[in-house]
Amino acid sequence: MTLQLAAVMDPIGTIDFRKDTTLSILLAAQARGMELYHVLQSDLYLDRGRTGARMQPLTVADDPRGWYRLGEPVDRPLAEMDVVLMRKDPPFDTDYLHATYLLELAAAEGTLVVNDPRALRDCNEKLAVAWFPELAPPTLVAAGAARILAFLEEHRDIILKPLDSMGGASVFRLRLDDPNRNVIIETLTRHGRRQVMAQRFIPEVAETGDKRILLVGGEPLPRALARIPAPGETRANLATGGRGVGVELTSRDREICARVGPELARRGILFAGLDVIGGWLTEVNVTSPTGARQLEAEFGLDVGGRLLDAVTARLGAGTARRAP
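Residues numbered from 1 in each chain as written. Predicted model: local features only at pLDDT ≥ 70, side-chain atom pairs only at ≥ 80, totals over all residues. Heavy atoms only, no water.

1. Focus: the pairing of strand β15 (residues 223-228)
Regular strands place side chains that alternate from one sheet face to the opposite one. Summarising burial for β15: five of the six residues are buried, a large majority. Bridge count between strand β13 (residues 210-216) and β15: three bridges; the pairing is antiparallel. Bridging from a neighbouring strand, Arg212 pairs with Leu225 of β15. The sheet contact formed by β15 and strand β16 (residues 243-248) spans six bridges and is antiparallel. Bridging across to β16, Arg223 finds its partner in Glu248. (Buried < 20%, exposed > 50% of the residue type's maximum accessible area, 1.4 Å probe, protein only. Helix = DSSP H or I, 4+ residues; strand = E, 2+ residues; numbered from the N terminus. Pairing = 2+ DSSP bridges.)

Right, here's the structure in full:
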C-alpha cells in the first residue's frame, strides 16, 4: 500500500532550492513511492472533532528551473495521512502554537507527526539549552535591563537574541563599551516587557564556525555543516551570508550528541539540528532544521532517506496505517 505524506511548510515556491532541507526529505519520499501533499499552516482545520487540511497533491524534482508541481486542492482528514511533517519555519508565534494543538489531535487519531507536536511546544529552540547547562556557554534569559547589563559587565562580550526567531534575525553582538548597548537592550526587550537570551560570545566562531549537527532518531549524522561568518559579520547563519563547509564531527561534538540525542528522542523529536560553537551547545533546532542539501551535495549523504528510514520504522517496517 502506498504511504501518504503531508508536509506542512511555507509555500514551496518560496523556498531556496539550494538549501531547503524539506525539499531533500520530499525528494527522498517521492523516490520511495510515497504520495506527497503540500499543506500551508493556515490550511489546517478542526471540524466536528476531526482534524483535516486543504492540501494539494505534490510532485517534486531536483531541478532549480522547476522543483515542484502542485495539483488541485482537496480537503482530506489528517487521519488519512500516514505521516505529517511539520516543517513550517519560525517564528514560533500564536498561529504556530495553535497548529501544534491541531497536529496533536491528528496524532491522537493515529497519524505519525514529525516532530511530535507536544515536543515542538516544549522544546523552544533557544531555551532548550537549559536542559543541558553543562554543555552550554554562560546563558541568561531575562527582560530586565539591569540584569542583562550585569551579565554584560561579567562577560564583557555577549550575544543577545530573541527567543522566537530564526536565521540570525535580530541577533546582536554586544560589547561592554558599545555606546548603543542601552538602546539595543530596550529594543530587543521592548523596554523590559519581553524575555531575550544572552550568551557569552564564543570567539571560535570566526575560525571553526557555527556547526549544525543533524540528529535522526537521536543519532548524529557523520558530518556536520560548519557555517563560517562572512567578513565583518558576527552571525554565521547562511541566511546572513555565512559560508557552509562540511566537517567531521569532533570528539566533543559526539559527546554533546550522546548527551542531547537520547533526551530529544525520548521527547518525540525525530529530526533535530544542534548548533555548536567552539565546543559549546548554543541552540537546539526542532521546528525546521536545515543543512541537509549542503551535506548531501558535499558528502553524498542521504539525509532525507535516513529520516525516512526512521519514519518507516515508526510506522512498522513500511506498512501503511489507516484510521478506521
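2. Digging into the packing of aromatic side chains
What the rule picks out here adds up to four aromatic pairs. Taken together, a centroid distance of 4.5 Å and an interplanar angle of 40° make the contact between Phe92 and Tyr96 tilted. By relative accessible area, which is 26% here, Phe92 ends up partly exposed. On the basis of an interplanar angle of 75° and a centroid distance of 6.3 Å, the ring pair of Trp131 and Phe132 is categorised as edge-to-face. A residue is classified by how much of its surface remains accessible, and Trp131, at 26% relative accessible area, is partly exposed. The exposure class assigned to Phe132 is buried, which follows from its relative accessible area of 1%. Members of the aromatic cluster, joined through ring pairs, are Phe17, Trp67 and Tyr68. The lysine or arginine in question, Arg200, covers the ring of Trp280, its NZ or CZ lying 5.8 Å from the ring centre. The cationic tip of Arg252 hangs over the ring face of Trp280; the distance from NZ or CZ to the ring centre is 5.9 Å. (Phe/Tyr/Trp six-rings, centres within 6.5 Å; stacked < 30°, edge-to-face > 60°. Lys NZ or Arg CZ within 6 Å of the ring centre and 35° of its normal.)

3. Brief notes about the environment of Val60
Within the secondary structure layout, Val60 lies in strand β4 (residues 50-60). Sequence separation between Val60 and Leu127 is 67 residues, and the spatial gap between their C-alpha atoms is 35 Å. Discounting chain neighbours no more than four positions away, the residues touching Val60 are Ile12, Leu23, Leu26, Leu27, Gln30, Leu36, Trp67 and Tyr68. (Contact = heavy atoms within 4.5 Å.)

4. Quick word on the packing of helix α4 (residues 145-155) against helix α5 (residues 181-189)
Direction vectors running N to C along α4 and α5 enclose 130°, while the axes themselves pass 10 Å from each other. In terms of axis orientation, α4 runs oblique to α5. Both α4 and α5 take part in a crossing whose hand is right-handed. Facing α4, whose interface residues are Ala145, Ile148, Leu149 and Leu152, α5 presents Arg181, Asn182, Ile185 and Thr189. Classifying every residue of the contact of α4 with α5 by side-chain character gives five nonpolar, two polar and one charged. (Axes fitted to C-alpha atoms, helices over the stretch in contact; angles between N-to-C directions. Parallel < 35°, antiparallel > 145°, perpendicular 65-115°, else oblique. Left-handed = near helix turned anticlockwise from the far one by under 90°. Nonpolar A, V, L, I, M, F, W, Y, C, P; charged D, E, K, R; others polar.)

5. Notes on the confidence of the model for the chain
Taken residue by residue, the chain gives an average pLDDT of 93. The fraction at 70 or more is 96%. Scored below 50 in pLDDT, residues 317-324 shows 19 contacts in the model against residues more than four places distant or in partner chains. (pLDDT = per-residue confidence, 0-100.)

6. Let's talk about the state of the cysteines
For the structure shown, the criterion picks out zero disulfides. This cysteine, Cys123, is not joined by any disulfide, and Cys257 carries the nearest cysteine sulfur, 14 Å off. The class of Cys123 is buried, set by a relative accessible area of 2%. (Disulfide = S-S within 2.5 Å.)

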